[in-house]
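# Structural overview
So the chains spell out like this:
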Amino acid sequence: MRKKIPASAARLGMYIDGFDTSWFKTPFLRHHFELKSQDQLEKIIESSVEHVYIDTAKGLDVFHHEHMRPSPTAPPKKSSKLREMAANDSPDDMTFTDYLKARDYLLQIDKLCLLEGAAIDFDLFAKTDMNIACLPLKNKGESIITKELLASPGELLIHRRDVQKYRDYLIMIAKDSGPALAQAASKNMLIKETAKIVIRDLFADPVSHEKMEACKDSVEAIMSSIINTKGLINNLFSVSKHDYYVCTHSVNVSVFCVATAFALGIRNEAELFAIGRGSLLHDIGLSAMPPEVLYKPHHRLSEFEIELLRGHIFDGLDIVNLFKGISPDAMRPLLEHHENLMGTGYPMGLTGDKLHVSGKIISITNTYDTLTTSRPGFKSLSPFEALAYLRDHSHLFDADILKEFITVLGKSSQPE
Ligand SMILES: [Fe+2]
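Residues numbered from 1 in each chain as written. Predicted model: local features only at pLDDT ≥ 70, side-chain atom pairs only at ≥ 80, totals over all residues. Heavy atoms only, no water.

Now for the overall build of the chain. The secondary structure content of the chain amounts to 16 helices and 10 strands. Scored against the burial criterion, the 416 residues of the chain give a buried share of 53%. Summarising the internal contacts of the chain: among those between residues at least 6 apart in sequence, 71% fall at separations of at least 24. By element, 54% of the accessible surface of the chain is carried by carbon and sulfur atoms, the whole surface being about 18,700 Å². (Helix = DSSP H or I, 4+ residues; strand = E, 2+ residues; numbered from the N terminus. Buried < 20%, exposed > 50% of the residue type's maximum accessible area, 1.4 Å probe, protein only. Contact = heavy atoms within 4.5 Å. Areas by Shrake-Rupley, 256 points an atom, 1.4 Å probe, with all protein chains shown as cover.)

So, in structure tokens, the structure goes:
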């Protein structure tokens, strides 16, 4: 079947069956070919082509066979395809693969950062379960954020080519947000969303010194905000109850760790920075993980895949060791985030007396953020349920640190 779709929705595996413009305005000699390389895809995205035609008999369809531009107020599907997969144990691997490819081009953004009435010049995508759809904005020029758009079900995402436009938008709202309180909120949103972008960039290119430096800047910004507000984390973290994104998780855990360390009385900036940096990088070893393994329901993982996933600790250490100037203290959160007081964690099975304070902190914050995030085969717990879980497993976690972490969460307004 021949379909006309926005150029931004093109992806690898589709069969291009023409463009909506004349031959000489496109970067291609042929107008009928399978999209096989990232290079081809980027040429389409960077060109002036607005729409392409695809032949779904010869290549992949649009995301999950959905219409590209549904009503933004359409209700979410009642059941999660991911959870169905987990329940049935018979995944539609082709659909799952398509979905993983689509995710790779998109960055989850925080809906709270979109202000009603503000102008944006980037595309927005809505994701509910495994359905991803481009929202009906103008293709060119500015669009205004409407109440209807903000009511779109699920999560909002942007295309990775629009990251700079999104950052420009965040800088603009941080400048123009009026009263001091709103300015502080906007500034923290900018810090958080920028941290998500830079950690995502580092995951895509984990040997880049430039990207590692950008992460360092983000940790400094997170730390300064927490010090200036005497431990508040309002608007510095995101609630990812719909789906797991490693960049969102990394930023959340880093914010929780710095704030908990501050609440414990740590005021030495070098110490706070090491905790923040190590916790932002704690899962960097997952950057080499095939997404098919990373997002597979846990109960369907083979022994080999479980070992592969557990290897992210030492893979992360190998990556971090490529860079000079990362202190041994900053390595501790990375090394110890899956350890626990009883010595039943991994990779070394360290007991409480051997764990660094940052290891004890991150074992709590990492578990909390993981429990409050949905992922294939797991429906997120509410913050209350996750804290109850931590309390019920108090033999694994340091009681004083857990108490301070609960206080940190209690003092901060939780985005919904
Ligand atoms: Fe991890």
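It is worth spelling out helix 12 (residues 312–320) at this point. Among the residues of helix 12, those classed as buried are H312, I313, G316, L317, I319 and V320. One side of helix 12 holds all its buried residues, which, seen down the axis, span an arc of 160°. Looking at the packing, one finds that the buried side of helix 12 touches helix 11 (303–310) and helix 13 (328–336). (Arc of directions from axis to C-beta.)

A few words on the side chain of H337. If you trace the backbone, H337 turns up in the loop between helix 13 and helix 14 (357–371). What makes H337 buried here is its relative accessible area of 2%. A polar contact of 3.1 Å, which involves the side chain of H337, links it to the side chain of D283. For H337, the side chain forms a polar contact with the side chain of H312, separated by 3.3 Å. Those residues within four positions of H337 in sequence are excluded, and the remaining contacts are H282, D283, H312, I313, I362, S363 and N366. (Polar contact = N/O pair within 3.5 Å; in protein donor to acceptor, adjacent residues only side chain to side chain.)

This brings us to the nonpolar core. Judged by nonpolar contacts, the single largest core of 103 residues is most densely connected at L124, Y166, Y169, I199, I226 and I233. In terms of domain composition, this core takes at least three residues from each of domain 2 (78–176) and domain 3 (178–411). If near-sequence neighbours (up to four positions away) are discounted, Y166 is found in contact with I109, D110, C113, F122, I158, E193 and I197. Formed by 17 residues, the second largest nonpolar core is a distinct cluster that contains A9, A10, I16 and F28. (Core = buried A, V, L, I, M, F, W, Y, C linked by side-chain atoms within 4.5 Å. Domains from an automatic or database assignment.)

For the rest of this paragraph, the subject is the coordination of the iron ion. Only D283 (OD), H312 (NE2), H337 (NE2) and H338 (NE2) from the protein reach the iron ion as donors, at distances of 2.2 to 2.3 Å. Classification of the site at the iron ion rests on its 4 donor atoms, whose angles at the metal span 85 to 178°, yielding the label irregular. Linear spacing of the donor residues for the iron ion on their chain is D-x28-H-x24-H-H. Placement of D283 in the loop between helix 9 (269–280) and helix 10 (291–294) and of H338 in the loop between helix 13 and helix 14 is noted, with a sequence separation of 55 residues between them. Taking relative accessible area as the criterion, H338 reaches 25% and is therefore assigned partly exposed. (Donors = N, O, S within 2.8 Å, 3.2 Å for Na, K, Ca; no water. Tetrahedral: all angles 85-135°; square planar, octahedral: opposite > 155°, others 65-115°.)

Turning to helix 15 (residues 383–392), a few remarks are in order. The periodicity of an α-helix, 3.6 residues per turn, causes residues three or four positions apart to be oriented the same way. All of the buried residues in helix 15 are A386, L387 and L390. Along the axis of helix 15, the buried positions cluster into a sector of 95°, meaning they face one direction only. Exposed residues on helix 15 whose side chains face more than 90 degrees from its buried face are F384 and D392. On its buried side, helix 15 packs onto helix 14 and helix 16 (399–411).

Its place among the elements puts S238 in the loop between helix 7 (209–228) and helix 8 (246–263). Discounting residues that sit within four places of it in the chain, S238 has contacts with D110, K192, E193, K196, T248 and N252.

Glancing now at the pattern of salt bridges. A complete count under the given rule lists 9 salt bridges for this structure. A salt bridge links D17 to R2; the nearest nitrogen and oxygen atoms lie 3.0 Å apart. With D17 in strand 2 (residues 15–19) and R2 in strand 1 (residues 2–6), this pair connects stretches of sequence that are 15 residues apart. What you see here is one network of salt bridges that share partners, running through D123, R161 and D162. (Salt bridge = Lys/Arg side-chain N within 4 Å of Asp/Glu carboxyl O.)

There is a patch of nonpolar side chains on the surface, built from W23, F24 and L29 and spanning about 440 Å² of accessible area. With respect to the helices, strands and loops of the structure, L29 is situated in the loop between strand 2 and strand 3 (32–34). Overall, the relative accessible area of 73% leaves L29 in the exposed class. (Patch = residues over 30% accessible without salt bridge, like charges linked within 9 Å, V, L, I, M, F, W, Y side chains within 5 Å.)

A few words now on the environment of N188. Residue position: N188 is located in helix 6 (residues 180–204). For the pair N188 and I233, spaced 45 residues apart in the sequence, the C-alpha separation amounts to 8.4 Å. When sequence neighbours within four positions are dropped, the list of residues in contact with N188 reads S225, N234, N235 and L236. Of the polar contacts made by the side chain of N188, one reaches the side chain of S225; its length is 2.8 Å.

This next bit is on the confidence of the model for the chain. Looking at the chain, the pLDDT average stands at 83 and 86% of residues meet or exceed 70. Here helix 2 (residues 81–88) is the element of the chain with the lowest mean pLDDT, 34, and helix 9 is the one with the highest, 98. Counting interchain partners and residues more than four positions distant, the pLDDT-below-50 stretch residues 63–94 has 64 contacts. (pLDDT = per-residue confidence, 0-100.)

It is worth spelling out the pairing of strand 8 (residues 131–134) at this point. Covered by surrounding structure in strand 8 are N131 and A133 together with I132 and C134, the residues of both alternating faces. Pairing of strand 7 (residues 125–128) with strand 8 involves 4 bridges; the strand directions are antiparallel. Bridge pairing in strand 8 links K127 to I132. Between strand 7 and strand 8, which pair antiparallel in sequence order, lie 2 residues; one of them, D129, sits at a positive phi of approximately 50°. (Pairing = 2+ DSSP bridges.)

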